[in-house]
Protein chains: 2
Amino acid sequence: MKSSGMQIDMHGEEGVSMKRVHIGDVAAHAGVSPTTVSHALSGRRPVSEATRQRILLAVDELGYHPNLVAKSLRIQRTKSVGFLVVDISNPYYPAVVQAVHDGLADQGYVSLIGITYGEAAAEETVLREMVARNVDGIIIQPMSLTPAEIRRIVGPLPLVLISDHEGELHADRVQTNDREGIAAAVRHLNDHGIREAGFISGPEGRSPGTLRLASFRAAAHALGITVAEEWIEHVPFSRAGGLEAGRRLLALPHRPRAIMCANDIIAVGLIDAAREAGLSLPVDLAVIGFDDIDTANLITPHLTTVVNPAREVGAACARALLRRIERGPDGAYTVEALPTHLVRRDSA
Amino acid sequence: MKSSGMQIDMHGEEGVSMKRVHIGDVAAHAGVSPTTVSHALSGRRPVSEATRQRILLAVDELGYHPNLVAKSLRIQRTKSVGFLVVDISNPYYPAVVQAVHDGLADQGYVSLIGITYGEAAAEETVLREMVARNVDGIIIQPMSLTPAEIRRIVGPLPLVLISDHEGELHADRVQTNDREGIAAAVRHLNDHGIREAGFISGPEGRSPGTLRLASFRAAAHALGITVAEEWIEHVPFSRAGGLEAGRRLLALPHRPRAIMCANDIIAVGLIDAAREAGLSLPVDLAVIGFDDIDTANLITPHLTTVVNPAREVGAACARALLRRIERGPDGAYTVEALPTHLVRRDSA
DNA sequence: CTGAAAGCGCTAACAG
DNA sequence: CTGTTAGCGCTTTCAG
C-alpha cells in the first residue's frame, strides 16, 4: 500500500499512508505563524498579498483541510444540525429529509440523522445525543415527547418542531393545515352520497393521527355523516397496521361505506384488506389516504388522498432553523402553516 | 423565558436559560478533580465507591452531559460515520439508510448523511466535508468517482464501498450478485418464449446500470435472445427517465417483446409509457425491474423484478465498517457479496 | 501586517 | 485512590 518511495515528509501525492496535515504544518511550510494561516484562510484580518499567496500554495501542496472538530470546539459552533425522523421506511419522510438536507447543505450545514420510531425513549436518547454533539439546531417531529419536555432536554438550542400546536409553543414550528384537506375529503365523500364513514388512525397519543381523526370527526359531524365509534381504529403507521384494522372493520356486521386513513401507508394496508374481502373500490368501499406519497398514484386503485407537502415542510423547517440560528434565541417563536388539499383519484 | 427565580447557580430544573454544565462544574460540586470525574464516568480507572456516588449525584443534580466535541478532539475519534447516499427519493435507498443507521446506532455511532445525486462534484465535496469532520468511517456507493479517487480523498479512513469491483479493491466492499438475479430474469423471459428483449439502463458511466446491462447482454446471448442495439437506452434513474426511454422504445417500428430496466423506478416510468401506448402487460410487453422496492407489489401490474436486498446491504455495510474501525487499516480488504433473485409477479 | 499565548472541554500520562 | 499537567487543532485576543 506504499506508493512512491520519496524520502521525506510532505511530498508527492496525498497517499493513503500520509499523516493528516495541520495548520502548523502549513505555517511552517509557508514560513509564517499558524495565526497568519488562519487569517489568510478566513479573511478575518488583512494579510499581505505575498504571504497570502505563499500560504495558499502551501495549503495546496500539502493538501491541508482544516480539522472541523477542533474549529468547532474553539468557535462553539459545529455547522451541523440534528434531524430526527420518525420512520424513514415510510416514503413520506425521505422527501422531508431530502428537502431539509438540501436547504441546510446549501448553507454549509451537515445533517446528523436520528430515527426515533416514534418511541419516547428513542426520542429522548437521540435528542441528548445531538445536544452532546453540540449541533447548532434540531428539527424533530415529536411523536411521544411533549414540546415542553423536548425544550427541557435541548435547553436554549434552536429547535424546530414539525407539529401542530395547542397552547404554548416552546419552539418555532412548521405545521400543515390537515383540517382543510380532511374537510375537503369528507366533503368529497358527502358529494358521493356517503353517509357513514370510519377512520383508521395512528397509535393513540400525540401522533398526527389523533389530530387528523379529530378533524375528520368534526368535518363529518358538520355534514351529518355518521362516524360510529366501532368504525374508529388505532394502529401503527404501517401497511400491516392498515391490513389488520381493515380486516376488523370490514368484518363488522354493519361496516361503513367509506374509510379514511391517517396516512397513505395505512390506506395501502386497508386496500389489501379490501382486496382480501373481495370488495371493489370505490363502489363497495371508498378509501382516502393522507400524505400523497410518490407511489400513491401507482397503486391500484390510484389512491385518493390528501396532499401533505413533504418537500415544502422540509424546506420550511430548514428555513426556520437557519433563521433561528442566525437571530439567536430571543425573538418570538414563529409558526408556519402549510396548506393541504385533496387529490381525487380512483379509490374514492 | 425565565423560569424560577432561584438566587444562585446550578439549582432547580435544567431550564432553557441554564448555562451548559461542564466537567469542572461537576468536579467542584463533588469536591474532586475533573480527572476523577472523568474516570468515575468512564470506569477506566478505579474510583472509591464513596466518591463515585458523590460524583454520580452531582452529575445528576447538575444535569451534566459530556461535550462530545471536546472529547472527540481529545481522543481522536468522533463515533460518527458519513453515509453518502445517491438519491434518497428512490425508495431503495431509505431502506439501506435505515439498516445502516440501525447497525451503527447500536454501537453508539451517529450517521452524517450526505446526498450526492450521483454527481462527481457532490461526491467529492461531501467526502471532503466528512473527512474534515473527522468521521470514524465512510460508506459510499460511488457513482462517478473511482474507488482510487475516493481512497485518495479519504486517506487511510475506514471506507466501505457499495460497488462491484473490477481490479483493485481500495476498500472493503459490499456488493450484490446482480448477475444471478438478471440471469434468472432472462431465463424467465426465455421460458415464456420471448426471443427479443431490450434494456433501459441508468446513466452511462460507472453506475450499477452499466454492470446490469452487461449481465443482461451476457445472459441473453447465452440463451440466443436477440438484444438489438436500438433496444438499449441510457437514462437517469427516475420515473421520468423510464417514461422517456419507454416512449422511444415503444415507438420503434420493430420493438422488443420484453424490456428489462436497471431499477424499479425506471420500470415504473416504462409502465407509464406502456399504458400511454395502450399496451397490456405482460401480453404485449413484458417488463422486469430491479431492486424490489416496497411498492413494487403495489403497482399495476405487480412488478416482476429482481430482489436487491437493501436491508442486508445496509447491515453488511455497517458490519464491515465497524469491523474495519476496530481492526485498523492494515488487514486485507474484504468483499461481501449478497445474492439476488427474481420474484415473479404480473408484469412479466 | 504579523506573532505569542491563551483557551474551547475533555482525557491521559505522569506523579504521588 | 486521586490530582497536576499537558495537549488534541484550531481561533482570537493582546501585543508589537
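Scroll up to find the structure this text is about.
Residues numbered from 1 in each chain as written. Chains lettered and ligands numbered in written order. Predicted model: local features only at pLDDT ≥ 70, side-chain atom pairs only at ≥ 80, totals over all residues. Heavy atoms only, no water.

Describing the pattern of salt bridges
All names here are of chain B.
Next up, step 1: Summed over the entire model, instances satisfying the criterion amount to 26 salt bridges over all chains.
Next up, step 2: Residue Arg 345 is joined to Asp 292 by a salt bridge in which the shortest nitrogen-to-oxygen separation is 2.4 Å. Note that Arg 345 is positioned in the segment after β12 (341-343) and Asp 292 in the loop between β9 (286-291) and β10 (304-307), a separation of 53 residues in sequence.
Next up, step 3: The exposure class assigned to Asp 292 is partly exposed, which follows from its relative accessible area of 23%. (Salt bridge = Lys/Arg side-chain N within 4 Å of Asp/Glu carboxyl O. Helix = DSSP H or I, 4+ residues; strand = E, 2+ residues; numbered from the N terminus. Buried < 20%, exposed > 50% of the residue type's maximum accessible area, 1.4 Å probe, protein only.)

Focus on the sheet that holds strand β1 (residues 80-85) of chain B
Next up, step 1: Overall, mixed pairing links the 12 strands, which are arranged β11(A)-β5(A)-β4(A)-β3(A)-β1(A)-β2(A)-β2(B)-β1(B)-β3(B)-β4(B)-β5(B)-β11(B) in an open sheet. Sheet topology places β11 (335-339) of chain A together with β11 (335-339) of chain B at the edges, where each strand pairs with a single neighbour. Ignoring which end each strand starts from, the neighbouring axes of this sheet average 20° apart.
Next up, step 2: Here 6 bridges tie strand β1 (residues 80-85) of chain A to strand β2 (residues 110-115) of chain A, and the two strands are oriented parallel to one another. (Pairing = 2+ DSSP bridges. Axes fitted to C-alpha atoms, helices over the stretch in contact; angles between N-to-C directions.)

Things to note about the protein's contact with DNA strand D
Next up, step 1: Around DNA strand D lies a shell of 26 residues, among which Ile 23 and Arg 74 of chain A together with Thr 36, Arg 45 and Arg 74 of chain B are the nearest.
Next up, step 2: Protein-adjacent atoms of DNA strand D, using a 4 Å cutoff, are sugar or phosphate at a proportion of 57%.
Next up, step 3: Between DNA strand D and Asn 67 of chain A there is a distance of 3.0 Å, counted from a phosphate oxygen to a backbone nitrogen or oxygen.
Next up, step 4: In the environment of DNA strand D, a base oxygen lies 2.2 Å from a nitrogen or oxygen atom belonging to the side chain of Arg 74 of chain A.
Next up, step 5: Listed by contribution, the elements that provide at least two residues to the surface near DNA strand D are α2 (34-42) and α4 (68-75) of chain A together with α2 (34-42) and α4 (68-75) of chain B.
Next up, step 6: Broken down by element, the surface near DNA strand D gets its largest block of residues, 4 residues, from α4 of chain A.
Next up, step 7: For the surface near DNA strand D, the residue count by class is 9 nonpolar, 11 polar and 6 charged. (Near = heavy atom within 4 Å. Polar contact = N/O pair within 3.5 Å; in protein donor to acceptor, adjacent residues only side chain to side chain. Nonpolar A, V, L, I, M, F, W, Y, C, P; charged D, E, K, R; others polar.)

What to know about the pairing of strand β2 (residues 110-115) of chain B
Next up, step 1: In terms of burial, β2 of chain B is largely enclosed, as 6 of its 6 residues are buried.
Next up, step 2: Going residue by residue along β2 of chain B, you find Val 110, Leu 112 and Gly 114 of chain B tucked away on one face and Ser 111, Ile 113 and Ile 115 of chain B tucked away on the opposite face as well.
Next up, step 3: In the sheet, β2 of chain A pairs with β2 of chain B via 3 bridges, with the strands oriented antiparallel. Considered in β2 of chain B, the bridge of Ile 113 of chain A is made with Ser 111 of chain B.

Side note on unusual backbone geometry
Next up, step 1: Residues Leu 281 of chain A and Pro 282 of chain A are joined by a peptide bond in cis, for which omega reads 0°.
Next up, step 2: Mapped onto the elements, Pro 282 of chain A comes out in the loop between α11 (264-276) and β9 (286-291).
Next up, step 3: Even without a glycine there, the phi angle at Asp 292 of chain A is positive, about 60°.
Next up, step 4: A positive phi angle, close to 130°, is found at Asp 291 of chain B, a residue other than glycine.
Next up, step 5: Mapped onto the elements of the fold, Asp 291 of chain B is located in strand β9.

Details of the packing of aromatic side chains
Next up, step 1: In total, this model carries 4 aromatic pairs over all chains according to the counting rule given.
Next up, step 2: Judged by centre distance (4.9 Å) and plane angle (45°), the ring pair of Phe 199 of chain B and Phe 216 of chain B falls under tilted. In this pair, Phe 199 of chain B sits in strand β6 (residues 197-201) while Phe 216 of chain B sits in helix α9 (residues 208-222), placing the two residues 17 residues apart along the sequence. Taken individually, Phe 199 of chain B and Phe 216 of chain B each receive the classification buried, so the pair is uniform in this respect.
Next up, step 3: Here the basic side chain of Arg 212 of chain A rests over the ring of Phe 290 of chain A, its NZ or CZ set 3.9 Å away from the ring centre. (Phe/Tyr/Trp six-rings, centres within 6.5 Å; stacked < 30°, edge-to-face > 60°. Lys NZ or Arg CZ within 6 Å of the ring centre and 35° of its normal.)

A few points about α4 of chain B
Next up, step 1: Its side-chain oxygen at 2.8 Å from the backbone nitrogen of Val 69 of chain B, Asn 67 of chain B defines the N-terminal cap of α4 of chain B.
Next up, step 2: One or two positions beyond α4 of chain B, positive phi appears at Gln 76 of chain B, with a value near 65°.

What about empty space enclosed by the protein?
The gaps left among the atoms become clear once a water-sized probe is rolled over them.
Next up, step 1: The full count for this structure, using the stated rule, is 6 cavities of 30 Å³ or more.
Next up, step 2: Here the largest cavity is characterised by a volume of approximately 240 Å³.
Next up, step 3: As for the largest cavity, its lining consists of 16 residues, and the residues nearest its centre are Val 69, Thr 78 and Arg 133 of chain A together with Val 69 and Arg 133 of chain B.
Next up, step 4: The residue makeup of the lining of the largest cavity, split by class, is 8 nonpolar, 6 polar and 2 charged. (1 Å grid on protein atoms, 1.4 Å probe; cavity = no way out; pocket = protein on both sides within 12 Å on 5 of 7 lines; lining within 4 Å. Points joined across faces, edges and corners; volume = space filled by probe spheres on them.)

A word on the relation of the copies chain A and chain B
Next up, step 1: Overlaying chain A on chain B yields an RMSD of 0.1 Å, the required transformation being a rotation through 180° with an accompanying axial translation of 0.1 Å. Such values leave the two copies arranged in the relation of a two-fold axis.
Next up, step 2: Both copies share a contact surface, since 98% of the interface residues of chain A are interface residues in chain B too. (Least-squares fit on C-alpha atoms with pLDDT ≥ 70 in both. Contact = heavy atoms within 4.5 Å.)

Looking at α2 of chain B
Residues and elements named next belong to chain B.
Next up, step 1: All buried positions along α2 are accounted for by Thr 36, Val 37, His 39 and Ala 40.
Next up, step 2: Looking at the packing, one finds that the buried side of α2 touches α1 (23-30) and α3 (49-62).
Next up, step 3: Count one or two residues on from α2 and you reach Gly 43, which has phi positive near 70°.

Structural notes on the environment of Leu 157 of chain A
Next up, step 1: Tracing the chain through its elements places Leu 157 of chain A in the loop between α7 (147-154) and β4 (159-162).
Next up, step 2: The contact partners of Leu 157 of chain A, leaving out residues within four places of it in the chain, are Val 131, Val 135, Ile 138 and Arg 151 of chain A.

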